[in-house]
Amino acid sequence: MAIVLTKKAAAALRSPETVKLIATVGKEGEPHVAVKDTLTLLPDGTIAFYELIETSKTQKNLVYSLWFSKRVSVLTVARDGESHLIKGVPYRAVTAGGAFLEAYEDVQKRYGPDADLSAIWLIPPEWERENTLAVRRAEEEIAHPYEIHMDRIAKEALR
Amino acid sequence: MADKTNPRKIERDPNWRKKEESFAEITKKYETVSPFIIAQIDVQRRGVFYTDAALDRVDPSIHQISKSAFAVYEGRGVPTSLLLRDGTSIIVSETSTQTPRDPYTVDVVDGKLMLTDEDRVVEEVFFWEKPKFFEKTTSRGTPMCEVLDARPQRFSVAMSNYCHFWTKPGHGCKYCGIGAGGVKFKGTDEERVHLGDLRETMRELVKEKGRFVGVILTGGSIISGSEPFEDELNGYIDALKALGEVFETRRFPSQVNSTAFTRRQLERLYNETGITCYTTDLEVFHEAIYEWVCPGKAASIPYGEWKRRLYAAVEIFGKGQVNTGIVSGVELAEPNGFKSEDEALRVDLEEAEDLASHGVGLKHDVWHVVPGSIFWNRTTPSLDYYVRLTKGFYDIMQKYGIPSHMDSYRKCGMHPNVNHDRI
């Protein structure tokens, strides 16, 4: 079931300043992760990923995920450490038609005439969380207050 | 009331669903085979019918359409074919409705164009969009859409509309619905592609950024020449040279699908043009059935010789640049085909292994029983058979490390086992 991303996650996906990664699994079950700055968020809330290399491992794994309904993960990381993790199942690979041709020209403007475009992957987000360390630590302290090393709660005088 | 989905009034078996496993059962049975590829196979096997709501979605200014011959469509243009969500093309036309099984229905459900069966949604589908050059004409007045045809990512050249095998009665391939009608082109302006038209169309086509990843040239066999099929070869060489004029590189992504040329002819084809890939289809992987189904081919080039020419092609073009195909299902045609799907599959895969062990790639086209063919009243095999064949070809190609890019979902789209090679 698709969700609407939080404003912070949406902004992170759209920002040219954040590092964006996509993690996928293929038929061998081996995880694969790659930095992909062509990940973005469309106005309708769908994640779009522009794959530039037809036979890349990410491309193969995305096909596998679409075929067999497997989730992929997208991670954004900003310079200040703000991070968002989003998951979803690829819904469509746009490989032809008007939208593809427009995107192809955009890719060539952005990366130069040697750039190619293989597919626009559309991934409706199904799950998200903020992955910034401070946020995760605060969540963990509430959810699992006793999953800690005991020296951290030892009396100050005894540390 | 007449069945709108059966415009040719083909006799349908009302109990056919009880005699074979359904799409849902097959996708569950073969968990490692893409359900998208299984859908492609089954739709190509059973054909499609478009509802009024689906046809209302057709925009002739955007979509690639063909005029229907059937009154049920009331003269409206029907989509040339369909795309699935993963980019897989379903190469299916209204002619495919000539099947004793019920066709799939393309309808609009919840605002989306959907492939349905018995009122159940199977998959979302999309119409093909036509290239811009389709709207233009050459200086001779030929519509460019008649010079080159297109699929979503590749274009094709129909080299010859007249297949010489059909000149001699009984020599045409029995599944072919084009060859019989091709004799009318003999000696006319339309018999072969016009090189001037080709050059002009290519100059328009290459302006379309991001549209095409390859070209295939194919056509009817031409026996004539200084030695058999030399005129056919010269036609391909001339056309490839004309195509190559628009590219900066010597070689460009291209495939010829022709009659099996001799080693000398293959060397000419490779050395004198910018071609990258070569296909010559055996059509049937069994000598005696090949001789029955393709008598014209067999009379000119015996089965064993056809294979030897494929092996020569691998030496010239390289592994992964040569393949051969079958019209899958005709090997089971009555009365001379195999008597059981298991036997047919065993022989198909044994022969496939032999070919692949020599570096020849494998592909199969799901047999459409088409009007005008000698086999017009035959029945195609079960979906289970096609999935087993698809998986078998795919596994053999993997075993022998033969790449399939030359005929991929982008460069052809017709071949389920090749379309499966994306993961």
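Since we're looking at a predicted model, the values are computed, not measured.

(A) Structural detail: the interface of chain B and chain A. If you look at the interface, chain B gives 28 residues, while chain A gives 23 residues. On the chain B side of the interface with chain A, the three residues burying the most area are Arg 85, Lys 209 and Ile 423 of chain B, jointly 31% of the side's total. Here Arg 410 of chain B makes a salt bridge to Glu 54 of chain A, at a shortest N to O gap of 3.6 Å. No other element matches the three residues that helix α3 (residues 35–46) of chain B contributes to the side of chain B that touches chain A. Residue classes in the side of chain B that touches chain A are distributed as nine nonpolar, nine polar and ten charged.

(B) How the structure looks around the sheet that holds strand β1 (residues 19–25) of chain A. Residue and element names in this part refer to chain A. Sheet architecture is open: five strands sit in the order β2-β1-β5-β6-β9, paired in antiparallel fashion. In this open sheet, the two edge strands, each paired with only one partner strand, are β2 (31–35) and β9 (125–130). Averaged over all pairs of adjacent strands, the angle between strand axes in this sheet comes to 20 degrees, irrespective of strand direction. Strand direction decides the pairing type here: strand β5 (residues 72–77) and strand β6 (residues 83–88), joined by six bridges, are antiparallel. Bridge pairing in β6 places Ser 73 opposite Lys 87. Here helix α1 (residues 7–14) sits on the sheet in contact with β1, β5, β6 and β9, set at roughly 90 degrees to β6.

(C) Highlighting the packing of aromatic side chains. All names here are of chain B. Evaluated as defined, the whole model comprises 18 aromatic pairs over all chains. Between the aromatic rings of Phe 285 and Phe 393, the centroid separation amounts to 5.9 Å while the plane-to-plane angle is 35 degrees, which identifies the pairing as tilted. Placement of Phe 285 in the loop between β13 (277–279) and α10 (287–293) and of Phe 393 in helix α14 (residues 383–399) is noted, with a sequence separation of 108 residues between them. Across the pair, exposure class does not vary: Phe 285 and Phe 393 are buried alike. Taken together, the ring pairs in this structure connect Tyr 236, Phe 261, Tyr 270, Tyr 278 and Phe 317 into an aromatic cluster.

(D) Spatial organisation of the layout of surface pockets. What the second largest pocket holds in volume is close to 890 Å³. Elements with a contribution of two residues or more to the lining of the second largest pocket: α3 (98–111) of chain A together with β11 (214–218) of chain B. Residue contributions to the lining of the second largest pocket peak at three residues, all from α3 of chain A. Per-class residue counts for the lining of the second largest pocket are 15 nonpolar, six polar and seven charged.

(E) Highlighting the packing of helix α12 (residues 303–317) of chain B against helix α13 (residues 341–357) of chain B. All names here are of chain B. At a minimum axis distance of 10 Å, the contact between α12 and α13 shows a crossing angle of 35 degrees. Along the contact surface, α12 presents Tyr 303, Lys 307, Leu 310 and Tyr 311, while α13 presents Glu 351, Asp 354 and Leu 355. Tallied by class, the residues present in the contact of α12 with α13 amount to four nonpolar, no polar and three charged.

(F) Representation of the domain arrangement of chain B in the model. All names here are of chain B. If you check the domain split of chain B, you get domain 1 (16–127) and domain 2 (132–416). Roughly 2300 Å² is buried in total at the junction of domain 1 and domain 2, and carbon and sulfur atoms are behind 60% of that figure. Inspection of the region where domain 1 meets domain 2 yields one salt bridge. Between Asp 384 and Lys 29 there is a salt bridge, with its nearest N and O atoms 2.9 Å apart. Across the domain 1-domain 2 interface, the total number found is eight residue pairs in polar contact (both at pLDDT 80 or more). Listing elements by their share of the side of domain 1 that touches domain 2, those giving two or more residues are α2 (23–29) and α3. Here the residues of the side of domain 1 that touches domain 2 are counted per class, giving eleven nonpolar, ten polar and six charged.

(G) Quick peek at the pairing of strand β6 (residues 104–109) of chain B. All names here are of chain B. Here strand β1 (residues 48–50) runs beside β6; their pairing, made up of three bridges, is parallel. Of the residues in β6, the one forming a bridge with Phe 49 is Thr 105. Both β6 and strand β7 (residues 112–117) contribute to a ladder of five bridges, which runs antiparallel. Paired with Thr 105 across the bridge in β7 is Thr 116.

(H) Examining the packing of helix α9 (residues 263–272) of chain B against α12 of chain B more closely. Residues and elements named next belong to chain B. Orientation of α9 relative to α12, taken along the N-to-C sense of each, is 30 degrees, at an axis distance of 9 Å. α12 is crossed by α9, and the crossing has right-handed handedness. Facing α9, whose interface residues are Arg 263, Leu 266, Glu 267, Leu 269 and Tyr 270, α12 presents Arg 309, Ala 312, Ala 313, Glu 315, Ile 316 and Phe 317. When the residues that make up the contact of α9 with α12 are grouped by side-chain class, the tally is seven nonpolar, no polar and four charged.

(I) Representation of the side chain of Asn 419 of chain B within the structure. Mapped onto the elements of the fold, Asn 419 of chain B is located in helix α15 (residues 416–419). Look at Asn 419 of chain B and you get buried, because its relative accessible area is 0%. If sequence neighbours within four positions are ignored, Asn 419 of chain B has contacts with Trp 67 of chain A together with Ile 37, Gln 40, Thr 88, Ser 408, Tyr 409 and Gly 413 of chain B.

(J) Molecular detail of the environment of Leu 195 of chain B. Residue and element names in this part refer to chain B. Following the sequence through the fold, Leu 195 ends up in helix α7 (residues 195–205). The exposure class assigned to Leu 195 is partly exposed, which follows from its relative accessible area of 27%. C-alpha separation for the pair Leu 195 and His 164, spaced 31 residues apart in sequence, amounts to 21 Å. Non-local contacts of Leu 195, meaning those with residues more than four positions away in its chain, are made with Asp 238, Ala 239 and Ala 242.

Cut-off values and rules
- Residues numbered from 1 in each chain as written.
- Chains lettered and ligands numbered in written order.
- Predicted model: local features only at pLDDT ≥ 70, side-chain atom pairs only at ≥ 80, totals over all residues.
- Heavy atoms only, no water.
- Contact = heavy atoms within 4.5 Å.
- Buried area = accessible area lost by both parts, 1.4 Å probe.
- Salt bridge = Lys/Arg side-chain N within 4 Å of Asp/Glu carboxyl O.
- Helix = DSSP H or I, 4+ residues; strand = E, 2+ residues; numbered from the N terminus.
- Nonpolar A, V, L, I, M, F, W, Y, C, P; charged D, E, K, R; others polar.
- Pairing = 2+ DSSP bridges.
- Axes fitted to C-alpha atoms, helices over the stretch in contact; angles between N-to-C directions.
- Phe/Tyr/Trp six-rings, centres within 6.5 Å; stacked < 30°, edge-to-face > 60°.
- Buried < 20%, exposed > 50% of the residue type's maximum accessible area, 1.4 Å probe, protein only.
- 1 Å grid on protein atoms, 1.4 Å probe; cavity = no way out; pocket = protein on both sides within 12 Å on 5 of 7 lines; lining within 4 Å.
- Points joined across faces, edges and corners; volume = space filled by probe spheres on them.
- Domains from an automatic or database assignment.
- Polar contact = N/O pair within 3.5 Å; in protein donor to acceptor, adjacent residues only side chain to side chain.
- Left-handed = near helix turned anticlockwise from the far one by under 90°.

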